[in-house]
Amino acid sequence: RLADALGETLAAGQQAILFLNRRGFETLVVCEACGLEARCTECSVALTHHARRGILLCHTCGHVERMEAACPACGGARLGVGVGTEQVEDAVRALLPEARVARLDRDAVTSAGETAAVLARFARRELDVLVGTQMVTKGHDFPGVTLVGVVLADTALALPDFRAAERTFQLLTQVAGRAGRGTEPGKVLVQTFAPEAPAVAAVVGHDFAAFAEYELAIRRAYFYPPFCRLLSVRIDGPKPKEVLDAARGVARALVPVLRASNRTLRMLGP
């Protein structure tokens, strides 16, 4: 449906925005033979494959490695999985070879000036499709945009954060507002494996009140903000064992403080 809508939009001389909150080409690289995942040696998160630069990049600390086709552990073939904005851009170019396509994310533009230049080209209708991360959602007013496509809304919804649903609702509401700001009506297509998820369903119905009611009930049940306050104590260092020992020491020191308090306090971790 999204592919058909893109073709129809461009045939009518109008513009489209495609939103995916994931940079790079593939979000995970894994060995087909032994299953080893490419992970950052500094902070252990999965490395993202940036195909055009031929690198694996950590989006947390900036660590960079060359993308090798063979697994460093067993020599097996490596396979990239997941979708990033770079892959979406390539897919649009393959689907619509005549389309003028640009990408707006922290890899494609590295300064405020470059960002402004891409947006100015889009505003002058020198571009047909703009693919990007949340940089494309932020209050832009383009009368020529009549189609917004959200590629895999589940990406933001699945983040390990109690605010994931709230942020998904915010992002989808923001990006949906980019369509139909001119004289022509707009269309918004949301790709998701979970259309019944409140954060998605409430956006489709423009029903903030229903989403807030549902989300507040979840927060109350699990004792999350705004029904409590959270304090995060984060300890970093080059030697994992020393870091863990230090974190456990902080936790032990906090126990008598928590017990002496008259307030309901809970400690998780380390």
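What you see is a predicted model; the values in this text were computed from it and never measured. (Residues numbered from 1 in each chain as written. Predicted model: local features only at pLDDT ≥ 70, side-chain atom pairs only at ≥ 80, totals over all residues. Heavy atoms only, no water.)

Engineer: Provide a residue-level description of the side chain of T115, including the pertinent values.
Structural biologist: Structurally, T115 is set in helix α3 (residues 112-123). Residues contacting T115, with those up to four places away along its chain left out, are L104, V109 and M135. (Helix = DSSP H or I, 4+ residues; strand = E, 2+ residues; numbered from the N terminus. Contact = heavy atoms within 4.5 Å.)

Engineer: How would you sum up the packing of helix α5 (residues 164-176) against helix α7 (residues 208-222)? Please name residues and give values.
Structural biologist: Packed helix pairs are specified by the crossing angle of their axes together with the interaxial distance, meaning the distance between the axes. For the pair α5 and α7, interaxial distance at closest approach is 10 Å and the crossing angle is 165°. Taken together, the axes of α5 and α7 are roughly antiparallel relative to one another. Considering only the axes of α5 and α7, their crossing is left-handed. Contacts between α5 and α7 pair A165, E166 and F169 from the former with F208, F211, E215 and R219 from the latter. A per-class count over the contact of α5 with α7 returns four nonpolar, no polar and three charged. (Axes fitted to C-alpha atoms, helices over the stretch in contact; angles between N-to-C directions. Parallel < 35°, antiparallel > 145°, perpendicular 65-115°, else oblique. Left-handed = near helix turned anticlockwise from the far one by under 90°. Nonpolar A, V, L, I, M, F, W, Y, C, P; charged D, E, K, R; others polar.)

Engineer: Tell me about the sheet that holds strand β8 (residues 129-132), and name the residues and values.
Structural biologist: Taken in spatial order, the five strands of this open sheet run β7-β8-β1-β9-β10, and their pairing is parallel. Each end of this open sheet is capped by a strand with a single partner; those strands are β7 (101-104) and β10 (187-190). Mean inter-strand twist for the sheet, computed between neighbouring axes without regard to direction, equals 15°. The sheet contact formed by β7 and β8 spans four bridges and is parallel. Opposite A102, over in β8, you have L130 as the bridge partner. Sheet strands in contact with α5 are β1 (15-19), β9 (145-150) and β10, and its direction is about 155° off that of β9. (Pairing = 2+ DSSP bridges.)

Engineer: Could you give an account of empty space enclosed by the protein, with specific residues and numbers?
Structural biologist: Across all of its chains, the model carries one cavity of 30 Å³ or more by this definition. For the largest cavity, the calculated volume is near 70 Å³. For the largest cavity, the full set of lining residues is F19, L20, N21, V150, V151, L152, A153, T155, A156, T168, L171 and L172. For the lining of the largest cavity, the elements supplying multiple residues, two or more each, are α4 (154-157) and α5. With three residues, the single largest contributor to the lining of the largest cavity is α5. Here the lining of the largest cavity is built from residues that sort into nine nonpolar, three polar and no charged. (1 Å grid on protein atoms, 1.4 Å probe; cavity = no way out; pocket = protein on both sides within 12 Å on 5 of 7 lines; lining within 4 Å. Points joined across faces, edges and corners; volume = space filled by probe spheres on them.)

Engineer: Give me the lowdown on a nonpolar patch on the surface, citing residues and values where you can.
Structural biologist: Taken together, the side chains of L231, V233, V250, L254, V257 and M267 present a nonpolar region at the surface, about 530 Å² in accessible area. For L231, the position within the fold is in the loop between α7 and α8 (240-260). (Patch = residues over 30% accessible without salt bridge, like charges linked within 9 Å, V, L, I, M, F, W, Y side chains within 5 Å. Areas by Shrake-Rupley, 256 points an atom, 1.4 Å probe, with all protein chains shown as cover. Salt bridge = Lys/Arg side-chain N within 4 Å of Asp/Glu carboxyl O.)

Engineer: Tell me what's going on with the sheet that holds strand β4 (residues 55-57), and back it up with residues and numbers.
Structural biologist: In any sheet, the strands associate via hydrogen bonds between backbone groups, in a parallel or an antiparallel arrangement. Strand order in the open sheet made by the three strands is β3-β4-β5, with antiparallel pairing throughout. The open sheet has two edge strands with one neighbour each: β3 (48-50) and β5 (64-66). Taking each pair of neighbouring strands and ignoring which way they run, the sheet shows an average axis angle of 30°. Relative to β5, β4 is paired through three bridges, and the arrangement is antiparallel. Bridge pairing links I55 to R66 in β5.

Engineer: Summarise the layout of surface pockets; cite the residues concerned and give the values.
Structural biologist: Approximately 1100 Å³ is the volume attributed to the largest pocket. Along its surface, the largest pocket is lined by 26 residues, and L230, L231, R266, M267 and L268 are the ones closest to its centre. Tallying contributions element by element places α8 first for the lining of the largest pocket, with seven residues. Residues of the lining of the largest pocket, tallied by class, amount to 20 nonpolar, three polar and three charged. Counted as a void, the second largest pocket has a volume near 760 Å³. Sorting elements by how many residues they give to the lining of the second largest pocket places α5 first, with five residues. Taken together, the residues of the lining of the second largest pocket break down into eight nonpolar, nine polar and six charged.

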